Amino acid sequence: MPIERIYIGYTNPPQYIPAFTGYHYSAPQPVMTKPFILRWGIISTGRIANCFVTDLLVDPETRDVTDVAHNVTAVGSRSVQSAEKFIAEYAKGDKSIKAYGSYAGVFADPNVDAVYIATPHTLHYENALDAIKAKKHVLCEKPVTSNAAELRSLLAAAKEHGVFFMEALWTRFQPLTLEVKKISESGVLGAPLALQADLSDDFQLNEIPKTHRALDPALGGGALLDLGPYPLIWAILALYEHPYNQGAAPSNVSGTMLKTPLTGVDCNTSFTVTFAKRELAAQAILSCNMNIASYHTGAVIRYEKGMITIAAPIYCPKSFTVQYLEGNKVTKEETRQFEYVGTGWHFQADEVARCVRDGKSESSLWGHDKSLVEMDVFDEVRRQGNYKFPPGVEKVV
Ligand SMILES: NC(=O)c1ccc[n+]([C@@H]2O[C@H](COP(=O)([O-])OP(=O)(O)OC[C@H]3O[C@@H](n4cnc5c(N)ncnc54)[C@H](OP(=O)(O)O)[C@@H]3O)[C@@H](O)[C@H]2O)c1
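Residues numbered from 1 in each chain as written. Predicted model: local features only at pLDDT ≥ 70, side-chain atom pairs only at ≥ 80, totals over all residues. Heavy atoms only, no water.

**Digging into the domain arrangement of the chain**
Put simply, the rule is: Either an automatic procedure or a domain database provided the assignment from which the domain bounds are taken. Note on definitions: a residue-residue contact is assigned when non-hydrogen atoms from the two residues lie within 4.5 Å. Here the quantity called buried area is the total loss of accessible area, with a 1.4 Å probe, experienced by two parts when brought into contact, counted for both. Salt-bridge detection follows one rule: a side-chain nitrogen of Lys or Arg within 4 Å of a carboxyl oxygen of Asp or Glu. The numbering of helices and of strands both runs from the N terminus, where a helix is a DSSP run of H or I of at least 4 residues and a strand a run of E of at least 2.
Here the chain is partitioned into domain 1 (25-171) and domain 2 (174-341 + 363-384). The centre of domain 1, based on its C-alpha atoms, is set 25 Å off from the matching centre of domain 2. Contact with domain 1, which involves 23 residues of that partner, is made by 29 residues of domain 2. Both sides together, the interface formed by domain 1 and domain 2 hides about 2,500 Å², and carbon and sulfur atoms give 64% of it. The three residues of domain 1 that bury the most area against domain 2 are His121, Trp170 and Thr171, which together make up 26% of that side's buried surface. Viewed at the interface, domain 2 and domain 1 are joined by two salt bridges. Close ionic contact of Asp226 with Lys142 constitutes a salt bridge, the shortest N to O distance being 3.4 Å. Of all elements in the fold, only helix 5 (148-161) and strand 7 (165-167) reach the threshold of two or more residues within the side of domain 1 that touches domain 2.

**Structural notes on the pairing of strand 13 (residues 306-310)**
Rules: Buried, partly exposed and exposed residues are distinguished by accessible area as a fraction of the type maximum, computed with a 1.4 Å probe on protein chains only: under 20%, between the cut-offs, and over 50%, respectively. Paired strands, in this sense, are two strands between which DSSP finds at least two bridges.
The side-chain alternation of strand 13 yields one buried face, formed by Gly306, Ile308 and Ile310, and one unburied face, formed by Met307 and Thr309. Sheet analysis places strand 12 (residues 299-303) next to strand 13, joined by five bridges and oriented antiparallel. Bridge assignment links Ile301 to a residue of strand 13, and that residue is Ile308. Linking strand 12 to strand 13, which pair antiparallel, is a turn of two residues. Summarising the sheet, strand 13 and strand 14 (residues 319-326) pair through five bridges and their orientation is antiparallel.

**A short note on the confidence of the model for the chain**
Formally: Confidence of the predictor at the level of single residues is captured by pLDDT, which takes values from 0 to 100.
In this model, the chain carries a mean pLDDT of 93, and residues with pLDDT of at least 70 account for 91%. Taken as a whole, residues 13-25 scores under 50 in pLDDT and shows 27 contacts with residues more than four places along the chain or in a different chain.

**Focus: the nonpolar core**
A general feature of soluble globular proteins is that nonpolar side chains tend to end up buried together. Using the following cut-off: In plain words, nonpolar cores are sets of buried Ala, Val, Leu, Ile, Met, Phe, Trp, Tyr and Cys residues tied together by side-chain atoms within 4.5 Å.
In terms of nonpolar packing, the biggest core is built from 121 residues, with Trp40, Ile42, Phe165, Trp234 and Phe271 touching the most fellow members. Two domains each provide a minimum of three residues to this core, namely domain 1 (25-171) and domain 2 (174-341 + 363-384). Not counting chain neighbours up to four residues away, the residues in contact with Trp234 comprise Thr171, Leu176, Thr177, Val180, Leu195, Leu239, Ala299, Ile310, Ile314 and Pro317.

**Things to note about the pairing of strand 9 (residues 252-259)**
Where strand 9 meets strand 10 (residues 266-275), eight bridges bridge the pair, whose relative direction is antiparallel. Bridge pairing in strand 10 places Thr256 opposite Ser270. Counted between consecutive antiparallel strands, the loop separating strand 9 from strand 10 contains six residues, among which Gly264 sits at a positive phi close to 85 degrees.

**What to know about the sheet that holds strand 7**
For clarity, the threshold we go by: Angles shown run from 0 to 180 degrees and are taken between the N-to-C directions of axes, each axis being a line fitted to C-alpha atoms and, for helices, limited to the stretch in contact.
Ordered in space as 4-3-2-5-6-7, the six strands form an open sheet in which the pairing is parallel. Either end of the sheet is taken by a strand with one partner, and the two such strands are strand 4 (98-100) and strand 7. Put simply, the sheet's adjacent strands are angled 25 degrees from each other on average, direction ignored. In this sheet, strand 6 (residues 137-140) lies alongside strand 5 (residues 114-117) in parallel orientation, the contact comprising four bridges.

**What about the site of the ligand?**
Rules: When we say a residue is near a molecule or strand, we mean one of its heavy atoms is within 4 Å of it. Think of a polar contact as two N or O atoms within 3.5 Å of one another; within protein, one of them needs to be a possible hydrogen donor and the other a possible acceptor, and neighboring residues in sequence only count if both atoms come from side chains. Charged residues are taken to be Asp, Glu, Lys and Arg, nonpolar residues to be Ala, Val, Leu, Ile, Met, Phe, Trp, Tyr, Cys and Pro, and polar residues to be all remaining types, Gly included.
Surrounding the ligand, one finds 24 residues, the nearest of these being Thr45, Ile48, Ser77, Tyr103 and Lys142. In this structure, an oxygen atom belonging to the ligand sits 3.0 Å away from a main-chain N or O atom of Arg47. The side chain of His121 places a nitrogen or oxygen atom 2.9 Å from an oxygen atom of the ligand. A per-class count over the shell around the ligand returns ten nonpolar, eight polar and six charged. The residue makeup of the shell around the ligand includes at least three contributed by each of domain 1 (25-171) and domain 2 (174-341 + 363-384).

Here is the structure:
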């Protein structure tokens, strides 16, 4: 018997791919006439800050969002020339955006509601703490801190100062991810049992300076902290968040690290995360590598009655396939494809704006507990892999 194959598309605007039918994602939005506008300050002017701002400036209506919108009002850099260049290149030279030659200038700016932090990992703690103390809401790049103790300290500070705080795990807010979660928890595939995910990239380690953030242990270099959040986010989504798990932390974490002789940071890391404390018994096998070119395997979530395969790249996948199984036989296969204007960083910005508008201290999609699971897992893998940061790098231990 031939298996049934179904293709469904999400696209914004819908007419871009007329062949697609039936499935159209709409962000949750209350009835409002004018959008709530969040005013952003950008901290640092590196690679990912420009990606984020480029998406932030995409008209939200292109993704059916009419309840929130974004303004960039300030950019802070260690040099004012760099902030000015950044505004010229990525914000169309908008003269209303203030360029600062320090991060402190952005934190003190009354026209900034929320700051986006995109400095190297080991600076996140002090940058975020300064922002929180200035009563700014914070969206902080992954990994949110160097270790779990720093994160716990930041969460306490955010609570004390009454501000919203979130790690910029952008994948969690993309429409594809929301759909995978729905299917995963609907029960049609039964309970999740196992998950495999890998993220690898060739960082050309022999070509870049040892002071590059990927190699420098003082900047939290290595594969785990840089690439590890992406395989892990699928385990958190499919296993940690699954109702059978009832919010339990992993029952076991094991990891192994292969270090580069260049600087001693991890170049290849594999780790397993097991959930077996409540009604879920499932294991994730995860890996990340900094020296493998374009090795994108995607992610596979395996259930009692089928599997979901998420296409690479797993930080911003554009399609996934659900296979329904009877024994070893595929009885039905469904592929869903997603397209939108922009790269996908704007969905997390919309979430921040909605949370700030609604007076929330954390997101219900990527809440503080999930960042804590992530940082606790990373601490344990680094402990087992004997990867220690140089003295003084961790501000809280
Ligand atoms: N979400 C994602 O997909 C994604 C992708 C890549 C990276 N990231 C995360 O974003 C963060 C930044 O990564 P990136 O690739 O954008 O790095 P990057 O290009 O090196 O930019 C980092 C910026 O931080 C500032 N900075 C402050 N102190 C620094 C120091 N001691 N050394 C180097 N830079 C310093 C610099 O900006 P100024 O000179 O303007 O101050 C620099 O341009 C990392 O935590 C990374 O994990 C996220």
